[in-house]
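Results of the structural survey
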Amino acid sequence: MVEELLTAAIATGVAAVVYVGAAARVVKQYERGLVFRFGRLREEVRGPGFTTIVPFVERLRKVNMQIVTLPVPAQEGITRDNVTVRVDAVVYFKVVDPASAIVAVEDYRFAVSQMAQTSLRSIIGKSDLDDLLSNREMLNQGLELMIDSPAVGWGVQIDRVEIKDVSLPETMKRSMARQAEADRERRARVINADAELQASHKLAEAAEVMSEQPAALQLRLLHTIVAVAAEKNSTLVLPFPVELLRFLERAVPPPAAAPAREEPASAGPASEGPGPAEVAGSSAPDALDGALAPDALDSSADGLMLDAPPPQEERDGLRE
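My aim in this report is to walk through the structure given alongside it, one point at a time.

Let's shift gears to the pattern of salt bridges. Scanning all chains against the criterion turns up ten salt bridges. The closest approach of N and O atoms between Glu58 and Arg42, which form a salt bridge, is 3.2 Å. Here Glu58, found in strand E5 (residues 58-64), pairs with Arg42, found in strand E3 (residues 40-46); they are 16 residues apart in sequence, far enough to count as distant. Assessed through its relative accessible area of 31%, Arg42 is described here as partly exposed. In this structure, Arg186 engages Asp183 in a salt bridge whose closest nitrogen and oxygen atoms are separated by 2.6 Å. Of this pair, Arg186 and Asp183 both sit in helix H6 (residues 170-212), three residues apart, which is roughly one turn of that helix. Its relative accessible area of 31% is what places Asp183 among the partly exposed residues. Sharing partners across several salt bridges, the network here consists of Arg37, Arg42 and Glu58.

Right, here's the structure in full:
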């Protein structure tokens, strides 16, 4: 009798352990549990921790509530400006309603992946190449809205969508490189032309200042000579400008007029004037003195005018 009771107790204990083992479930912190009883979903969602179900009657389905990173395969399409590109992206989403994610859609991961690929192709066809390369923020927002609209009914929330890479054909890459090179060359030429314009204005102002002060031109010439002479590997040929001569001519004062020399009187009669030889002898030194100094030229000219030739009657008397 005692053995039978002991055997029954052991059997009951084993059955209890098997039942607890079959009914016990552990839900992790980042998961939620859905209980199906004879195929019908129970309204209660099991939270994280230890929970039990009725074996062979209920079934527990765990749903991951973490953010899922889903890579979107590269999609090849033609942009609005007829350029063939390959674009790949990545989608970040999470489940916010476990019941809808399990009941409303067969496989929410696969559904989100297919929707992301379709939306990515649609975005490629609606966008230009420049938008895909430079205006990705707006495209990411549009792609997120296109994927999130149907995913709301699946209990899935799209957190973020990012376009990772845009692959271009080699011919398009070379064309874009030539375009960028031409644009940079154009900007370089514009900058050089602007620099020449500004330099011409400054040179015009400098020329105006030098025209008012001729000495400034000479100083500038000397500075240039000093700058060139700093290098010992060249021969410097220095021209002698005419402006420097004029400057030195203005700086030197004019020489004083030489006094006129007095010639001794001839031994002829007092009433007779000087003969032609005397006139010529007296006018020659005056002419030479006038050639030496510009101021003496006028005085010698006056002397010549005073020493006029004698009248005709006196000439006849001298001949007799």
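A separate point is the sheet that holds E3. Taken together, the three strands give an open sheet; going across it, the order is E3-E2-E5, and neighbouring strands pair in antiparallel fashion. Looking along the sheet, the strands with just one partner apiece sit at the ends: E3 and E5. Adjacent strand axes in the sheet meet at a mean angle of 30° when their direction is disregarded. Relative to E3, strand E2 (residues 31-37) runs antiparallel, the two being bridged by four bridges. By the bridge assignment, Phe36 is partnered in E3 with Leu41.

A few words on the environment of Ser211. By the element assignment, Ser211 lies in helix H6. Residue class for Ser211 comes out exposed when judged on its relative accessible area of 55%. A distance of 2.6 Å separates a polar side-chain atom of Ser211 from the backbone oxygen of Glu208.

Let us look at the nonpolar core. Within the largest apolar cluster, 36 residues are counted, with the highest numbers of intra-cluster contacts made by Val85, Val91, Phe93, Val112, Val156 and Ile158. The set of elements that each furnish at least two residues to this core consists of E2, strand E6 (68-78), strand E7 (84-95), helix H2 (98-103), helix H3 (108-126), helix H4 (129-134), helix H5 (136-151) and strand E8 (156-167).

Right, let's get into H3. In this model, H3 (19 residues) spans 27 Å end to end at C-alpha, consistent with the 27 Å of a helix rising 1.5 Å per residue. Contacts made by the buried residues of H3 are with E5, E6, E7, H2, H5 and E8. Two to three positions downstream of the cap, the backbone nitrogen of Arg109 sits 3.3 Å from a side-chain oxygen, assigning the N-cap of H3 to Asp107.

Ordered in space as E6-E7-E8, the three strands form an open sheet in which the pairing is antiparallel. The open sheet is flanked by E6 and E8, the only strands paired with a single partner. Strand-to-strand twist across the sheet, computed as the mean angle between neighbouring axes with direction ignored, equals 25°. Two elements, E7 and E8, share ten bridges in a ladder whose sense is antiparallel. Bridged to Lys94 within E8 is Gln157. Where H3 meets the sheet, its contacts fall on E6, E7 and E8, and the angle it forms with E6 comes to roughly 35°. Relative to the sheet, H5 contacts E7 and E8, its axis offset from that of E8 by approximately 140°.

Time to look at unusual backbone geometry. One non-glycine residue, Phe38, lies in positive phi territory at about 50°. A relative accessible area of 68% places Phe38 in the exposed class. Residues other than glycine seldom take positive phi values, yet Asn82 does so here, at roughly 60°. Here Asn82 lies in the loop between E6 and E7.

This part covers the packing of aromatic side chains. In this structure the tally under the stated criterion is one aromatic pair. Each ring, one from Phe93 and one from Tyr108, has its centre 6.5 Å from the other, and the planes form 85°; the classification is edge-to-face. With a gap of 15 residues between them, Phe93 in strand E7 and Tyr108 in helix H3 connect regions that are remote in the sequence. Comparing Phe93 with Tyr108 shows no difference in burial state: the two are buried.

Here we take up the packing of H3 against H5. It is the contact of H3 with H5, at a shortest axis distance of 9 Å, that shows an interaxial angle of 140°. Put simply, H3 runs oblique to H5. Our pair here, H3 against H5, has a crossing hand that is right-handed. Residues Met115, Ala116, Ser119, Leu120, Ser122 and Ile123 of H3 form the contact with H5, whose own contacting residues are Leu139, Gly142, Leu143, Met146, Ile147 and Pro150. Class assignment for the residues of the contact of H3 with H5 results in nine nonpolar, three polar and no charged.

What counts and what doesn't
- Residues numbered from 1 in each chain as written.
- Predicted model: local features only at pLDDT ≥ 70, side-chain atom pairs only at ≥ 80, totals over all residues.
- Heavy atoms only, no water.
- Salt bridge = Lys/Arg side-chain N within 4 Å of Asp/Glu carboxyl O.
- Helix = DSSP H or I, 4+ residues; strand = E, 2+ residues; numbered from the N terminus.
- Buried < 20%, exposed > 50% of the residue type's maximum accessible area, 1.4 Å probe, protein only.
- Pairing = 2+ DSSP bridges.
- Axes fitted to C-alpha atoms, helices over the stretch in contact; angles between N-to-C directions.
- Polar contact = N/O pair within 3.5 Å; in protein donor to acceptor, adjacent residues only side chain to side chain.
- Core = buried A, V, L, I, M, F, W, Y, C linked by side-chain atoms within 4.5 Å.
- Expected span 1.5 Å × (residues − 1).
- Contact = heavy atoms within 4.5 Å.
- Phe/Tyr/Trp six-rings, centres within 6.5 Å; stacked < 30°, edge-to-face > 60°.
- Parallel < 35°, antiparallel > 145°, perpendicular 65-115°, else oblique.
- Left-handed = near helix turned anticlockwise from the far one by under 90°.
- Nonpolar A, V, L, I, M, F, W, Y, C, P; charged D, E, K, R; others polar.

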